[in-house]
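For reference, the chains in residue letters:
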Amino acid sequence: MGNPGDTQLMKLVDGVAGFVLEDVPHLTDYLPDLPTYPNPLQDNPAYSVVKQYFVNLDDTVTQKIVVHKDSPRGVHFRRAGPRQRVYFGSDEVHACIVTCGGLCPGLNTVIREIVCGLYHMYGVRRILGIDGGYRGFYAKNTVTLTPKVVNDIHKRGGTILGTSRGGYVTSKIVDSIQDRGINQVYIIGGDGTQKGAAVIFEEIRRRGLKVAVAGIPKTIDNDIPVIDKSFGFDTAVEEAQRTINAAHVEAESIENGIGLVKLMGRYSGFIAMYATLASRDVDCCLIPESPFYLEGSGGLYEYIKKRLKENGHMVIVVAEGAGQDLLSESLQSMNVQDASGNKLLQDVGLWLSQRIREHFSKKKIPVNLKYIDPTYMIRAIPSIASDNVYCTLLAHSTVHGAMAGYTGFTVGPVNGRHAYIPFNRINEKQNKVVITDRMWARLLSSTNQPSFLNPRDIAEAKKEQQPATALLSGENCKDKRSMTEDNPCMS
């Protein structure tokens, strides 16, 4: 069994003025004599009006766009898009698509657009759907996918291919790919799934197979680094508004009403933060990146009492990963993981609602608290218009990359331009809200909540010098090379 935590070797290209291209693997790296073919897009009438059909081979996308005049050019990624020559003939391609991990709005849109992109842009006719996640490669039937089969699926939530956690056995998966004659593998999933995809790519390369492995990063929490944001995030924030609105209506309709909403965010509080900022009805937002406490001066209880006295009601939004240290102190700590290796979190929303009720009951202050957990409702809905467009661009960029012979890569927007990114770059860490960033300051200004941080916590956060996320300011940068003495990090 392969280890999904393994990472591929970096493929680096140095240039002038501190330019570094973190390139993705290509089939010709280990199969140097592959034939090429003219790209069918040059004869596609839909593209006849396009000024420039193909991406220049030297086009790159910079990871950091805010620089000083003397800054090195820094890390770049290969720009996504169609190439003039492709490494697969249309009749040669036998593609498969698999979805893994939890549900997320937009999954069906990505599936649809991969199928339609292969079919209409490149004339591919053999496309399989792998049923039920990674284990479907060796334990379940496949589904034949055509534009007719996937025509309406973007209007539905979930994934028509089914999904699962776990079931990852590298040798069995690659054996199945080889036995079926599959030569393009499209893998849609989160960080654990992409780690698995990296190991599949390494095994395929070890066997010397002409198989392109391409990943499309999926996480509703928006916790994948490097890329600007993940698909389904906009939909999640939009749907969260309905829940927050319901909690606000409940809270303001009764004396000392408290609406408590738990939103997704295992390790990253982006959904809670953006939903709070968009709503303007939230009085307090609690996220995993910002510790909070209940008792004493400046604590949550004191703030709740203050808001109830001022407004007669309040709304609290809490991300599912917030306050887990407090739960561990008051409840028996459980180190249990799901099949994907994610720690099973305790229900902070339920725990917090109980603690608030108990505290104010002891203080003889009547409160009416309504707790709402919309997690599975949000995960299961179809994507909104902006996410549908985004999913289309992701799918088409991935198809262009695989047809051009790139492999062992994932795709996503970096500063607004789609790029091909090595698997290890999106697997090396998680994208998190930076609580010393302006966006978190904007939230604190909007809610007027205390930061719950003492000066030592703030100093520690600043010491980390963690870069701001791309979603916030286009600076989600982790330049390994620039952290050496020879290449000081761009400031």
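All figures in this text were calculated on a predicted structure; none of them were measured in a lab.

Peer 1: Explain the nonpolar core residue by residue, including any values.
Peer 2: Counting 113 residues, the largest nonpolar core has Ile97, Ile114, Ile200 and Phe231 as the members making the most contacts within it. No other element matches helix H1 (residues 107-122), which puts 9 residues into this core. Residues Leu286, Phe292, Met314 and Val348 belong to the second largest nonpolar core, which totals 25 residues.

Peer 1: Can you lay out the packing of aromatic side chains for me, pointing to particular residues and giving the numbers?
Peer 2: Here the structure, examined in full by the defined rule, presents 8 aromatic pairs. Between tyrosine 134 and tyrosine 168 the ring centres are 5.0 Å apart and the planes differ by 75°, which places this aromatic pair in the edge-to-face class. In this pair, tyrosine 134 sits in the loop between strand S8 (127-130) and helix H2 (136-139) while tyrosine 168 sits in the loop between strand S9 (142-144) and helix H3 (170-180), placing the two residues 34 residues apart along the sequence. No difference in accessibility class separates tyrosine 134 from tyrosine 168, as the two residues are buried. Among the aromatic side chains, those forming a connected cluster through ring pairs are Phe292, Tyr293 and Phe452. When the ring centre of tyrosine 119 is taken as reference, the NZ or CZ atom of arginine 125 above it lies at 3.7 Å. Seen from the ring of phenylalanine 88, lysine 210 lies directly overhead, with NZ or CZ sitting 4.7 Å from the centre.

Peer 1: Account for the pairing of strand S2 (residues 19-23), with residues named and values stated.
Peer 2: With respect to burial, S2 is a largely interior element, 5 of its 5 residues being buried. Of the two faces of S2, the one holding Phe19, Leu21 and Asp23 and the one holding Val20 and Glu22 are both buried throughout. Note that strand S1 (residues 11-14) and S2 share 4 bridges and pair antiparallel. By the bridge assignment, leucine 12 is partnered in S2 with glutamate 22. Counting the residues in the hairpin turn of S1 and S2 gives 4 residues, including alanine 17, whose phi is positive at 55°. Pairing of S2 with strand S5 (residues 74-79), which is carried by 3 bridges, proceeds in the parallel orientation. Bridge pairing in S5 places valine 20 opposite valine 75.

Peer 1: Go over the pattern of salt bridges, please, and point to the residues and values.
Peer 2: Inspection of the entire model under this criterion finds 19 salt bridges. The residue arginine 307 makes a salt bridge to glutamate 310 at a minimum N-O spacing of 3.3 Å. Within this pair, arginine 307 and its partner glutamate 310 are both found in helix H7 (residues 300-311), separated by 3 residues, close to a single helical turn. A residue is classified by how much of its surface remains accessible, and arginine 307, at 12% relative accessible area, is buried. Residue glutamate 310 is classed as partly exposed on the basis of its relative accessible area, which comes to 45%. Note that glutamate 428 is salt-bridged to arginine 425, the shortest N-O span being 2.9 Å. Given the relative accessible area of 24%, glutamate 428 is considered partly exposed.

Peer 1: So, the packing of H7 against helix H9 (residues 348-362): which residues are in play, and what are the values?
Peer 2: For the pair H7 and H9, the least separation of the axes is 11 Å and the interaxial angle reads 70°. The orientation of H7 with respect to H9, classified from their angle, is roughly perpendicular. Of the two elements, H7 crosses H9, and the hand of that crossing is right-handed. Touching Leu300, Tyr301, Ile304 and Lys305 of H7 are Leu352, Arg355, Ile356, His359 and Phe360, all from H9. Here the contact of H7 with H9 is built from residues that sort into 6 nonpolar, 1 polar and 2 charged.

Peer 1: Give a detailed account of the packing of helix H5 (residues 233-252) against helix H6 (residues 270-279), specifying residues and quantitative values.
Peer 2: H6 packs onto H5 with a crossing angle of 55° between their chain directions and a minimal axis gap of 9 Å. Comparing the axis directions of H5 and H6 gives the class oblique. At the point where H5 passes H6, the crossing takes the right-handed sense. When H5 is examined against H6, the residues Phe233, Ala236, Val237, Ala240, Gln241 and Ile244 are found in contact with a partner set consisting of Phe270, Ile271, Tyr274, Ala275, Ala278 and Ser279. Across the contact of H5 with H6, the residue classes break down as 10 nonpolar, 2 polar and no charged.

Peer 1: Tell me about the confidence of the model for the protein chain, residues and numbers included.
Peer 2: Averaged over every residue, the pLDDT of the protein chain is 89; residues scoring 70 or more account for 87%. Taken together, the stretch residues 1-7 has pLDDT below 50 and engages in 15 contacts with residues farther than four places along the chain or on a different chain.

Peer 1: Explain the sheet that holds strand S13 (residues 284-286) to me, and be specific about the residues and the numbers.
Peer 2: Paired through backbone hydrogen bonds, the strands of a sheet run either parallel or antiparallel to each other. Taking strand neighbours across the sheet as the criterion, the 4 strands line up as S13-S14-S12-S15 in an open arrangement whose pairing is parallel. Each of the sheet's edge strands pairs with one partner strand only, and the pair in question is S13 and strand S15 (368-372). If you compare each strand with its neighbour and ignore which way they point, the axes differ by 15° on average. As judged from the 3 bridges shared by S13 and strand S14 (residues 313-319), these two strands associate in the parallel manner. Across the sheet, leucine 286 pairs through a bridge with valine 318, a residue of S14.

Peer 1: I'd love a proper account of the side chain of threonine 398, names of residues and values included.
Peer 2: Position of threonine 398 relative to the elements: it lies in helix H11 (residues 385-403). Of the residues examined, threonine 398 reaches a relative accessible area of 0% and is grouped as buried. Setting aside its immediate chain neighbours within four residues, threonine 398 contacts Tyr186, Ala214, Ile216, Phe409 and Val411.

Peer 1: Describe in detail the pairing of S5, supporting the description with residues and values.
Peer 2: Judged by how many residues are buried, S5 sits mostly within the fold: 5 of 6 residues are covered. For strand S4 (residues 60-62) and S5, the ladder comprises 3 bridges, and the chain directions are antiparallel. In the sheet register, threonine 62 faces S5, and the bridge partner there is histidine 76. Judged from the 2 bridges that link them, S5 and strand S17 (residues 417-422) form a sheet pairing that is antiparallel. Paired with arginine 78 across the strands is tyrosine 420, a residue of S17.

Scoring rules and cut-offs
- Residues numbered from 1 in each chain as written.
- Predicted model: local features only at pLDDT ≥ 70, side-chain atom pairs only at ≥ 80, totals over all residues.
- Heavy atoms only, no water.
- Core = buried A, V, L, I, M, F, W, Y, C linked by side-chain atoms within 4.5 Å.
- Buried < 20%, exposed > 50% of the residue type's maximum accessible area, 1.4 Å probe, protein only.
- Helix = DSSP H or I, 4+ residues; strand = E, 2+ residues; numbered from the N terminus.
- Phe/Tyr/Trp six-rings, centres within 6.5 Å; stacked < 30°, edge-to-face > 60°.
- Lys NZ or Arg CZ within 6 Å of the ring centre and 35° of its normal.
- Pairing = 2+ DSSP bridges.
- Salt bridge = Lys/Arg side-chain N within 4 Å of Asp/Glu carboxyl O.
- Axes fitted to C-alpha atoms, helices over the stretch in contact; angles between N-to-C directions.
- Parallel < 35°, antiparallel > 145°, perpendicular 65-115°, else oblique.
- Left-handed = near helix turned anticlockwise from the far one by under 90°.
- Contact = heavy atoms within 4.5 Å.
- Nonpolar A, V, L, I, M, F, W, Y, C, P; charged D, E, K, R; others polar.
- pLDDT = per-residue confidence, 0-100.

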